[in-house]
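Residue-level structural notes
One letter stands for each residue in the lines below.
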There are 2 protein chains.
Amino acid sequence: MCEANAYLLENDGKPGKPDEILLMEAVDKVEPDEDGILLVSIFGEQKFIKGHVHSLSLVDHKIYIKQTGE
Amino acid sequence: MCEANAYLLENDGKPGKPDEILLMEAVDKVEPDEDGILLVSIFGEQKFIKGHVHSLSLVDHKIYIKQTGE
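For clarity, every value in this text was computed on a predicted model and none was experimentally measured.

Each value, and the rule that gives it
- Residues numbered from 1 in each chain as written.
- Chains lettered and ligands numbered in written order.
- Predicted model: local features only at pLDDT ≥ 70, side-chain atom pairs only at ≥ 80, totals over all residues.
- Heavy atoms only, no water.
- Helix = DSSP H or I, 4+ residues; strand = E, 2+ residues; numbered from the N terminus.
- Buried < 20%, exposed > 50% of the residue type's maximum accessible area, 1.4 Å probe, protein only.
- Contact = heavy atoms within 4.5 Å.
- Salt bridge = Lys/Arg side-chain N within 4 Å of Asp/Glu carboxyl O.

1. Let's talk about the environment of B:Ile49
All names here are of chain B. Tracing the chain through its elements places Ile49 in strand S4 (residues 46-49). For Ile49, a relative accessible area of 7% gives the class buried. For the pair formed by Ile49 and Leu38, sequence separation is 11 residues and the distance between their alpha carbons is 6.3 Å. When sequence neighbours within four positions are dropped, the list of residues in contact with Ile49 reads Leu23, Gly36, Ile37, Leu39 and Ile65.

2. Some points on the pattern of salt bridges
According to the stated counting rule, one finds 4 salt bridges over all chains in the structure shown. Residues B:Asp60 and A:Lys29 are paired through a salt bridge, measuring 3.8 Å at the closest nitrogen-oxygen approach. Here B:Asp60, found in the loop between strand S5 (51-57) and strand S6 (62-67), pairs with A:Lys29, found in strand S2 (residues 19-33), and the two come from separate chains. The closest approach of N and O atoms between B:Lys62 and B:Glu20, which form a salt bridge, is 3.5 Å. Of this pair, B:Lys62 sits in strand S6 while B:Glu20 sits in strand S2 (residues 19-33); the two residues are 42 residues apart in sequence, bridging distant segments of the chain.

Spatial relationships are all this shows, so hold off on functional conclusions.
If you want it as structure tokens, here you go:
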């Protein structure tokens, strides 16, 4: 299986490394939904995030999400 | 390895299924870059796309990209 973990990127633009907060493990699908995105895991869990896909690092199994409107 | 193929979504919003155009195989990283995104494959190939990540389907190894400013 080639799912990835979704992380919320925080502290962006400030000095130091951005913080990564784990949002969901084993993400299969990411779909646009209203003013955000819907994460769906391989187990069928769903989580809506008011944000967008910032970047991917698939060999590391990582999806980075950034919140909008902060 | 858990890389995915990147597809450009076309014909969105029109009747019928959106067309998928293969942009790059074996994508590892997707990074924001200026007014678009940079795709980097596991072989180190790079491709800049003036667009954004539309959606993901990782179990199917698919990254969908939508162009901006069309």
